[in-house]
Amino acid sequence: MSTTIPSLVSSNLSLKPSFPHRRQPLTSTRVQAYRPQFTRNLIGFSPKTLRFPLVKRFAKNDDESGGGAVVGLDEAEKEARGQSTMPERFRYLAKEAPDPPLRWPWFIVLAFLIYAWRAVLFELSNWRNAAFGIVRFIGYILKYALAVVYRFIGNPITFSIRCIEDLLYSIRAFYSWIINCAPVPDLTTIILLASVVLAVAEAVVPNCISSQPYVLTVSGLIGYAAVRGFISEPLFWTLLLGIYGFSKFIKRRDDVSSAMPVAAVLAAVGEPWVRVLVIISYMALAIYQYSKMLSEGKQVEEVGTLERRLPIPLLLAALAIGLRIAAKWAGNRHLTWMIV
């Protein structure tokens, strides 16, 4: 009976089961005796001197090239390995499993990071203290410089501050006086009598009010100071005489224009008999000058589009009356609301 003994070393193994009831046709085949041959060049060994590389080398099969060549090994290892006899479908099982990742070095790094962050916070706190110290030092220097400057010009600065403070307190006190106890009848009388004098002067000499607004303002302030008792009576008369001399001899104005500020102040704040005397005298002066101008052939100039300015003292008096009446009305309304 002739049988075929398959080769022990085969590159293609068949996993199909063989059944006994199927018989293959017999062919005349010679039995090949198995003769093991021993060679010096065994798999995994090389006749060359063994070398141990310092760096581990990894090898992979180059399947894409078709020849199954080993890549990454030296010539001796290639000769030792030879052609791999593992079937293609089992080669993925021979791949080296990756090593599990090492996590314990991260704990060491974390400890160093915590220590470094603590050092950073400590340094930041030191920098903050240093910055505050620098700011305090600069503040001390500025204070010293201010003290040096104040040593030389401190008195003028102090005087200026006190003047500004006194001015603010005076404005506040004046406003409070207007709101609380502004004499509305007296202010109304002042406005009427001063307006009479100004109207007479404007009828004789047109634009005499608009041509000297500052003189009228100074005259009004002098009259207010005399009424409140800030200046004495002799000083009051001296200032009025100086205003008349300024308008008459320096500004070279006529008698009616020069006497208008003085007559308006006396008619506004003087005694009753002084008011009557001043108004009558000023009207007589205006009639005399007008008749003199007519005798000389001069005509009164017609006022066209010239701007007319309201005197500041009369404007302030009217504003005081309005504030007083408005405050009184608001107070009455508030009390009425509280009662209701």
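Quick notes on the rules
- Residues numbered from 1 in each chain as written.
- Predicted model: local features only at pLDDT ≥ 70, side-chain atom pairs only at ≥ 80, totals over all residues.
- Heavy atoms only, no water.
- Helix = DSSP H or I, 4+ residues; strand = E, 2+ residues; numbered from the N terminus.
- Contact = heavy atoms within 4.5 Å.
- Areas by Shrake-Rupley, 256 points an atom, 1.4 Å probe, with all protein chains shown as cover.
- Axes fitted to C-alpha atoms, helices over the stretch in contact; angles between N-to-C directions.
- Parallel < 35°, antiparallel > 145°, perpendicular 65-115°, else oblique.
- Left-handed = near helix turned anticlockwise from the far one by under 90°.
- Nonpolar A, V, L, I, M, F, W, Y, C, P; charged D, E, K, R; others polar.
- Expected span 1.5 Å × (residues − 1).
- Bend = angle between axes of the 7 residues up to and from the residue.
- Buried < 20%, exposed > 50% of the residue type's maximum accessible area, 1.4 Å probe, protein only.
- Core = buried A, V, L, I, M, F, W, Y, C linked by side-chain atoms within 4.5 Å.
- Phe/Tyr/Trp six-rings, centres within 6.5 Å; stacked < 30°, edge-to-face > 60°.
- Salt bridge = Lys/Arg side-chain N within 4 Å of Asp/Glu carboxyl O.
- Patch = residues over 30% accessible without salt bridge, like charges linked within 9 Å, V, L, I, M, F, W, Y side chains within 5 Å.
- Polar contact = N/O pair within 3.5 Å; in protein donor to acceptor, adjacent residues only side chain to side chain.

Caption draft 1: Looking closely at the overall build of the protein. Along the protein, the regular secondary structure elements total 8 helices and 2 strands. Long-range contacts, defined here as pairs at least 24 residues apart, represent 66% of the contacts in the protein between residues at least 6 apart. A total of about 28300 Å² of accessible surface is found on the protein, and carbon and sulfur atoms cover 66% of it.

Caption draft 2: Just the packing of helix α3 (residues 184–204) against helix α6 (residues 255–269), in detail. For the pair α3 and α6, the least separation of the axes is 8 Å and the interaxial angle reads 165°. The angle between α3 and α6 falls in the class roughly antiparallel. The handedness of the crossing between α3 and α6 comes out as right-handed. On α6, the residues that touch Ile190, Leu193, Ala194, Val197, Leu198, Ala201 and Val204 of α3 are Val256, Met260, Ala263, Ala264, Ala267 and Ala268. Residues belonging to the contact of α3 with α6 are distributed by class as follows: 13 nonpolar, no polar and no charged.

Caption draft 3: The arrangement of helix α2 (residues 104–181) in detail. The end-to-end C-alpha distance of α2 is 91 Å, clearly below the 116 Å that 78 residues give at a rise of 1.5 Å each. Of all the bends in α2, the greatest reaches close to 80° and is centred on Ile153; the proline Pro156 follows between one and four positions later. Taken residue by residue, α2 has Gly154, Ile178 and Ile179 as its buried positions.

Caption draft 4: How the structure looks around the nonpolar core. Counting residues in each nonpolar core, the largest one holds 38 residues, and the members touching the most others are Val197, Leu198, Met260, Leu266 and Tyr282. Only α3, α4 (213–228), α5 (233–250), α6, α7 (272–295) and α8 (312–339) provide two or more residues apiece to this core.

Caption draft 5: Molecular detail of the packing of aromatic side chains. Throughout the structure, instances matching the rule amount to 4 aromatic pairs. With a centroid separation of 5.7 Å and an interplanar angle of 90°, the aromatic rings of Phe174 and Tyr224 are classed as edge-to-face. Here the residue Phe174 occupies a position in helix α2, and Tyr224 occupies one in helix α4, the gap between them amounting to 50 residues. For Phe174, a relative accessible area of 37% puts it in the partly exposed group. Considering the side-chain rings of Tyr224 and Phe230, the 6.4 Å spacing of their centres and the 70° angle between planes classify their relative orientation as edge-to-face. Taking relative accessible area as the criterion, Tyr224 reaches 31% and is therefore assigned partly exposed. Judged by its relative accessible area of 58%, Phe230 is exposed.

Caption draft 6: Looking closely at the pattern of salt bridges. Within this structure, the stated rule accounts for 1 salt bridge. Measuring nitrogen to oxygen at the nearest pair gives 2.5 Å for the salt bridge that ties Asp255 to Lys248. Judged by its relative accessible area of 31%, Asp255 is partly exposed. Residue Lys248 is classed as partly exposed on the basis of its relative accessible area, which comes to 24%.

Caption draft 7: Quick peek at a nonpolar patch on the surface. Where nonpolar side chains cluster on the molecular surface, the patch consists of Tyr144, Val148, Val149, Phe152, Ile153, Ile157 and Ile161 and spans about 710 Å² of accessible area. Classification of Ile161 by relative accessible area gives exposed; the value is 53%.

Caption draft 8: Geometry of the side chain of Ser258. Along the chain, Ser258 turns up in helix α6. Judged by its relative accessible area of 0%, Ser258 is buried. A distance of 2.8 Å separates a polar side-chain atom of Ser258 from the backbone oxygen of Asp254. Sequence-distant contacts of Ser258, defined by excluding residues within four places in its chain, comprise Tyr244, Ser247, Lys248 and Arg253.

Caption draft 9: Layout of α5. With 18 residues, α5 should reach 26 Å at 1.5 Å per residue; the first-to-last C-alpha distance of 25 Å fits that figure. Considered for burial, the residues of α5 that qualify are Phe236, Leu240, Ile243, Gly245 and Ser247. For α5, the elements touching its buried residues are α4 and α6. At the C-terminal side of α5, Arg252 shows a positive phi close to 60°.

Caption draft 10: Highlighting the packing of α6 against α7. Two numbers describe how α6 lies on α7: the axes approach to 9 Å, and their chain directions differ by 160°. Classed by the angle they form, the pair α6 and α7 counts as roughly antiparallel. Read as a crossing pair, α6 and α7 show a hand that is left-handed. Between α6, through Asp255, Val256, Ala259, Met260, Ala263, Leu266, Ala267, Ala268 and Val269, and α7, the contact on the second element is made entirely by Val274, Arg275, Val278, Ile279, Tyr282, Leu285, Ala286 and Gln289. Of the residues assigned to the contact of α6 with α7, the class counts are 14 nonpolar, 1 polar and 2 charged.

Don't take any of this as a statement about function, it's just geometry.
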